[in-house]
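Architecture at a glance
Now for the letters of each chain:
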Amino acid sequence: LFDLDGTLTRADTLLEFLDFALGKGRARLSLASTTPLWAAARLGCTADDAPKKALVRRVRGGPPVAWWAEQAARFRLQRMPRLLRSGALQAVADLQRQGTEAFIVTASCTLWVEPWCRQHGLGCIATELESDGIRYTGRLATPNCKGGEKVRRIHAHFGTDAVAYLHAYGDTPRDRPMLALAKEAHYKPFRQAPA
């Protein structure tokens, strides 16, 4: 089980995706409008997922789902390769060659994570955006997949008996519930030691 943002990548893919899809100006404007919520969430003054929900609401009502899917396909090919930490994808591929089933478990959205996972033969457990079939509604279709929600989703996907065999990789305190669940845990495994 691999966390994505910060573990396999050097940056938050939500912010990178919005920057890629909307252009820096619109993405920064959307992000700026939610900055107080990000700060409040870091201080524990508001729900952890409040900033993401506000950001998703901020960009709703724009282009249709098909347009976003097209941007996600371009993002997967053009931007994701540059975001990956050195050696991270190779380590995942090495595990897969040994017959290990690998999953991404992330708070980032299935919109851009799922196509990337399919490309690399990875399972995907991520946050889903709600749509009406034409446009995104500005709401999450699933709880934000971080912290304890990662554990709940892992149990739902694999069952409680499988946890005895799980290996997990993460990089933040919000990954610790998933890491604590695993037989073997790796914290910040792809960070190069300082010179």
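Residues numbered from 1 in each chain as written. Predicted model: local features only at pLDDT ≥ 70, side-chain atom pairs only at ≥ 80, totals over all residues. Heavy atoms only, no water.

**Some details on the overall build of the chain**
Helix and strand content of the chain: nine helices and six strands. Expressed as a percentage of the 195 residues in the chain, the buried residues total 46%. A separation threshold of at least 6 residues defines the contact pool for the chain, and within that pool the share at least 24 residues apart is 59%. In the form shown here, the chain has an accessible surface area of approximately 10,000 Å², with 53% of it arising from carbon and sulfur atoms. (Helix = DSSP H or I, 4+ residues; strand = E, 2+ residues; numbered from the N terminus. Buried < 20%, exposed > 50% of the residue type's maximum accessible area, 1.4 Å probe, protein only. Contact = heavy atoms within 4.5 Å. Areas by Shrake-Rupley, 256 points an atom, 1.4 Å probe, with all protein chains shown as cover.)

**Quick notes on unusual backbone geometry**
Backbone geometry at Lys188 places phi at a positive 50 degrees, although glycine is not the residue there. Classification of Lys188 as partly exposed rests on a relative accessible area of 36%.

**Observations concerning the layout of surface pockets**
Roughly 210 Å³ of internal volume is contained in the second largest pocket. Taken together, Leu1, Phe2, Leu95, Thr100, Glu101, Ala102, Phe103, Phe158, Tyr165, Leu166, His167 and Tyr169 form the lining of the second largest pocket. For the lining of the second largest pocket, the class distribution of residues is nine nonpolar, two polar and one charged. (1 Å grid on protein atoms, 1.4 Å probe; cavity = no way out; pocket = protein on both sides within 12 Å on 5 of 7 lines; lining within 4 Å. Points joined across faces, edges and corners; volume = space filled by probe spheres on them. Nonpolar A, V, L, I, M, F, W, Y, C, P; charged D, E, K, R; others polar.)

**Some points on the packing of helix 4 (residues 65-78) against helix 7 (residues 110-119)**
Helix 7 packs onto helix 4 with a crossing angle of 45 degrees between their chain directions and a minimal axis gap of 9 Å. If you check the angle between helix 4 and helix 7, you find them oblique. By crossing handedness, the relation of helix 4 to helix 7 is classed as right-handed. Between helix 4, through Trp68, Ala69, Ala72, Phe75 and Arg76, and helix 7, the contact on the second element is made entirely by Leu111, Trp112, Pro115, Trp116 and Gln119. Of the residues in the contact of helix 4 with helix 7, the class split is eight nonpolar, one polar and one charged. (Axes fitted to C-alpha atoms, helices over the stretch in contact; angles between N-to-C directions. Parallel < 35°, antiparallel > 145°, perpendicular 65-115°, else oblique. Left-handed = near helix turned anticlockwise from the far one by under 90°.)

**A few points about helix 8 (residues 148-158)**
Taken as a whole, helix 8 has its buried residues at Glu149, Lys150, Val151, Arg153 and Ile154. Its buried side turned inward, helix 8 meets strand 1 (103-109), strand 2 (123-127) and helix 9 (176-181). Where helix 8 ends, the next residue or the one after it, Gly159, has phi of about 85 degrees, a positive value.

**So, the packing of helix 1 (residues 13-22) against helix 4**
Relative orientation of the contacting elements helix 1 and helix 4 amounts to 110 degrees, with a least axis distance of 10 Å. Judged by the angle between their axes, helix 1 and helix 4 are roughly perpendicular. In the packing of helix 1 onto helix 4, the handedness of the crossing is right-handed. Between helix 1 and helix 4, the residues in contact are Thr13, Glu16, Phe17, Leu18, Phe20, Ala21 and Leu22 and Trp67, Trp68, Gln71, Ala72, Arg74, Phe75 and Gln78, respectively. The residue makeup of the contact of helix 1 with helix 4, split by class, is nine nonpolar, three polar and two charged.

**Section: the pattern of salt bridges**
With the rule as written, the count across this model stands at nine salt bridges. Between Lys150 and Asp3 there is a salt bridge, with the nearest N and O atoms lying 2.9 Å from each other. Of this pair, Lys150 sits in helix 8 while Asp3 sits in the segment before helix 1, placing them 147 residues apart in sequence. Among the charged side chains, a network of salt bridges with common partners joins Asp3, Lys150 and Asp175. (Salt bridge = Lys/Arg side-chain N within 4 Å of Asp/Glu carboxyl O.)

**Side note on the pairing of strand 5 (residues 167-170)**
Direction of pairing for strand 5 relative to strand 6 (residues 184-187): parallel, over a ladder of four bridges. Bridged to Tyr169 within strand 6 is His186. For the crossover that starts at strand 5, traverses helix 9 and ends in the parallel strand 6, the hand is right-handed. (Pairing = 2+ DSSP bridges. Right-handed = clockwise from strand over helix to strand, strands pointing away.)

**Comments concerning the pairing of strand 1**
Most of strand 1 is tucked away: seven of the seven residues are buried. Alternating positions in strand 1 separate into two faces, Phe103, Val105, Ala107 and Cys109 on one and Ile104, Thr106 and Ser108 on the other, with burial throughout. Across four bridges, the pairing between strand 1 and strand 2 is parallel. From the neighbouring strand, Phe103 faces strand 2, where its bridge partner is Gly123. Regarding the hand of the β-α-β motif, the stretch spanning strand 1, helix 7 and strand 2 is right-handed.

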